[in-house]
Amino acid sequence: MNNKSVKQLPHEKRKGEAALSDFAEYVEQQQALRFPLSRGSATSAAPHSATAKTAQADVDHEHHDELDDILDSLDLSDPSPRVRLRELLLSPESDGKALQTLSDSVQKRLLEGHGETVFDVGVEDNGDSMKLTHDEWDMAYKRVIDAAKKLRADCRLLLTKNVGGDLDGAPTKDKDCSGKVMIRQAPSTVEEVIETRIAVVGNVDAGKSSMLGVLVKGDLDDGRGKARVNLFRHKHEIETGRTSSVGMEIMGFDTKGEVVVSDTPGRKLSWEEIGKRSAKVITFSDLAGHERYLRTTVFGLLSSSPNYCLLMVAANNGLIGMSKEHLGIALALNVPVMVVITKIDICPPQILEQTINQIIRILKSPGARKIPIFIKNREECINTATQFVSQRICPIFQVSNVTGENLDLVRSFLNILPHHGRYDAEAPFEFHVNDTFSVPHVGTVVSGIVKSGVIHAGDDVQIGPDSLGRFTQTSIRSIERKRIGVPMASAGQSASFALRRVRRKDVRKGMVVLAKLDGAPPKVYREFVAEVLILSHATTIKTKYQAMLHVGPVSQTCAIIDVDRPFIRTGDRATVAFRFVQRPEYLAPGDRLLFREGRTKGLGIVKSVGYDPSKPLMFKQGDEDTAPQQTAAEENNGVEVTAGA
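This one's a predicted model, so the numbers in the text were calculated from it and none came from an experiment.

(A) Main features of empty space enclosed by the protein. Tallied over the entire structure, the rule returns 6 cavities of 30 Å³ or more. Along the walls of the largest cavity sit Val 190, Val 193, Gly 275, Val 281, Arg 481 and Lys 482, which together make up its complete lining. Broken down by class, the residue content of the lining of the largest cavity amounts to 3 nonpolar, 1 polar and 2 charged.

(B) Molecular detail of the packing of aromatic side chains. All told, the structure shown has 10 aromatic pairs when counted by the stated rule. Arranged with centres 5.7 Å apart and planes meeting at 0°, the rings of Trp 137 and Tyr 141 form a pair that is stacked. One end of the pair, Trp 137, and the other, Tyr 141, are both in helix 7 (residues 134-149), 4 residues apart, so they sit about a helical turn from each other. Between the aromatic rings of Phe 471 and Tyr 586, the centroid separation amounts to 6.5 Å while the plane-to-plane angle is 80°, which identifies the pairing as edge-to-face. Highlighted residues: Phe 471 in the loop between strand 14 (460-464) and strand 15 (472-481) and Tyr 586 in the loop between strand 23 (573-580) and strand 24 (592-597), separated in sequence by 115 residues. Residue Phe 471 is classed as buried on the basis of its relative accessible area of 13%. Over the ring of Trp 271 we find Arg 483, and its NZ or CZ is 4.0 Å from the ring centre.

(C) Representation of the sheet that holds strand 23. Within the closed barrel, the 6 strands sit side by side as 20-23-22-21-24-25. Their pairing is antiparallel. With direction set aside, neighbouring strand axes in the sheet form an average angle of 45°. Direction of pairing for strand 21 (residues 546-551) relative to strand 24: antiparallel, over a ladder of 3 bridges. Bridge pairing in strand 24 links Met 548 to Arg 596. Relative to the sheet, helix 11 (residues 294-303) contacts strand 21, strand 22 (554-563) and strand 24, its axis offset from that of strand 24 by approximately 175°.

(D) Unusual backbone geometry, seen in detail. Of the consecutive residues Gly 464 and Pro 465, the connecting peptide bond is found in the cis state with omega at 0°. Position of Pro 465 relative to the elements: it lies in the loop between strand 14 and strand 15. Not every positive phi belongs to a glycine, and Asn 406 is a case in point at roughly 65°. Mapped onto the elements, Asn 406 comes out in the loop between strand 10 (393-398) and helix 15 (407-416). Phi is positive for Arg 501, close to 55°, though the residue is something other than glycine.

(E) Quick look at the environment of Phe 23. Among the structural elements, Phe 23 can be located in helix 1 (residues 10-34). Look at Phe 23 and you get buried, because its relative accessible area is 1%. Aside from chain neighbours lying at most four places away, what touches Phe 23 is Glu 531, Val 532, Leu 533, Arg 573, Leu 603, Gly 604 and Ile 605.

(F) Just the pattern of salt bridges, in detail. Counting across every chain of the model gives 23 salt bridges. Residues Arg 184 and Glu 116 are paired through a salt bridge, measuring 2.8 Å at the closest nitrogen-oxygen approach. A residue pair is termed long-range when its members are at least 10 positions apart, and Arg 184 in strand 3 (residues 178-185) and Glu 116 in strand 1 (residues 116-121) qualify at 68 residues. What makes Arg 184 buried here is its relative accessible area of 0%. Given the relative accessible area of 5%, Glu 116 is considered buried. Arg 156 is the partner of Glu 258 in a salt bridge, and the nearest nitrogen-oxygen pair spans 3.3 Å. Of this pair, Glu 258 sits in the loop between strand 5 (247-253) and helix 10 (271-277) while Arg 156 is found in strand 2 (residues 153-161), placing the two residues 102 residues apart along the sequence. Here Glu 258 falls in the partly exposed class, since its relative accessible area comes to 43%.

(G) Fine view of a nonpolar patch on the surface. On the surface, Phe 437, Val 439 and Val 442 cluster together into a nonpolar patch covering about 190 Å² of accessible area. Its location among the elements puts Val 442 in the loop between strand 11 (430-439) and strand 12 (443-452).

(H) Molecular detail of the environment of Cys 309. With respect to the element layout, Cys 309 can be found in strand 7 (residues 308-314). Among the residues examined, Cys 309 registers a relative accessible area of 1% and is labelled buried. The sequence separation of Cys 309 and Val 200 amounts to 109 residues, and the corresponding C-alpha distance is 6.1 Å. Residues within four places of Cys 309 in sequence aside, it is in contact with Ala 199, Val 201, Ala 330, Val 335, Pro 336, Val 337 and Met 338.

Cut-off values and rules
Residues numbered from 1 in each chain as written. Predicted model: local features only at pLDDT ≥ 70, side-chain atom pairs only at ≥ 80, totals over all residues. Heavy atoms only, no water. 1 Å grid on protein atoms, 1.4 Å probe; cavity = no way out; pocket = protein on both sides within 12 Å on 5 of 7 lines; lining within 4 Å. Points joined across faces, edges and corners; volume = space filled by probe spheres on them. Nonpolar A, V, L, I, M, F, W, Y, C, P; charged D, E, K, R; others polar. Phe/Tyr/Trp six-rings, centres within 6.5 Å; stacked < 30°, edge-to-face > 60°. Helix = DSSP H or I, 4+ residues; strand = E, 2+ residues; numbered from the N terminus. Buried < 20%, exposed > 50% of the residue type's maximum accessible area, 1.4 Å probe, protein only. Lys NZ or Arg CZ within 6 Å of the ring centre and 35° of its normal. Pairing = 2+ DSSP bridges. Axes fitted to C-alpha atoms, helices over the stretch in contact; angles between N-to-C directions. Contact = heavy atoms within 4.5 Å. Salt bridge = Lys/Arg side-chain N within 4 Å of Asp/Glu carboxyl O. Patch = residues over 30% accessible without salt bridge, like charges linked within 9 Å, V, L, I, M, F, W, Y side chains within 5 Å. Areas by Shrake-Rupley, 256 points an atom, 1.4 Å probe, with all protein chains shown as cover.

Following this line, the structure appears as structure tokens:
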């Protein structure tokens, strides 16, 4: 089907955009089932059985907020009354018990924040002001520092109110003293270093590689590409100045929130040096902006499982070309987005204003439904960073890589950025392969993301599937994170594994590494059923339609073999059965997918693996009726493919 010559009508395009935000919420719910935050929360978040639903309804019916507040105020459930934070912070230095209680409270927050937290000195846990005077504020801040020292953590004062000094924000009417303090724990081992992954996207010549070079090295650009040279991997990239591969760069922060850079001007630290000196590491995936490399960019966005997406827009060009494409993919994947407008030093004021208005209009559109917030000073930066767990917020920076204007705000924002992601360390081990290498004296090395579970060096694992759907037994020779050897890796971390007894030609991108289990090998599938949303398509989609499908690191051509209606158009949401054209793959319900062909774009989420042709989707009435049929199809399909069918 050739749809490139047919232009999509405006009302069809709006229909696809409007359906995007609703579908994104559905995807987020399915992701919560795929990767629950913890074993306990998984059950409560999504009770599956009718009994669980009834019990949940009874609990909701009997729950009374007002009664809870009365009981809390009476402290009937707790024999020892709770101590307010104000009393702990203003307790005398000789009171060791109060300091220990405060330290325990900070420790709890550090665990929730994966080793870091922003502590509001002057505000109680329930949001009430402590009404601190200037002297009381000084005493409270010193007390927080003492509590942090007991936990091997450092404090950095981010922002104050009514205290005075360089860090003081806009004064408040009540004149109460307060402040935000970043507390970050020193990692005892390298594997405890906080890791946040950010995908950097935008149109060609938006300044992506240049800005990463400036952030990482600490030196400014000369306006002619000096800062970006170190990020390129190929000779033709240096010659043309255009990224064609997925470039990786890291930026480290120590426990005090300072950027880890070389003491020698112009020298770039190695990954090993940054990793050993950092308590928090930001991993940037520098993705290609040219239309020719869209497949590489889509692969980078899905395979790297980014926690955040950084959209770069050139002030003199605006949101053009592939920028809209990249923004659409980030929104489809439900990844929080932040925007950086570059080249403001060479852009005329009226053009910059046009660019800003265009970005605001697109972010507020029905497809995005974002709240743009322009970061112009330190107070806005810190307040927005602490609130960025909300997916609706979209911070916008205006920077120059040549003059360095507002780059300090970007660094401060990245330093405070909270950890965001959904991983389950208690689930069985699952690792997705993004890249493969052959290293001299080491052997075959695979790199990627640990999706769930924990793995140790020396553990027996299996990697696959190959073209026949089989898995190869192997073991982990060694593990590296950011080029530093570590004894283990856990869910949510990026890592590289050296494998024993496996040749480089036998591994590929898109494979998975699973824990070795006694019994039947893992099941892989050539067919699967997914809930999809068509974002843009000029005509209609029917069975036998083929497109390039991306599921995590898997990129393969797929054919539609069944649809739950005669045809689907732009903005339609449908249940579709796909078949991989080349080879079976390892999939699980809840995996996000994206397919494209020419101007056609669609996204979806895997509902079930396997497909039974004797039970077509057209006649299925609801999830209750389809569940047993899909299970039967899953069994049949999985056994056949595992056997090499």
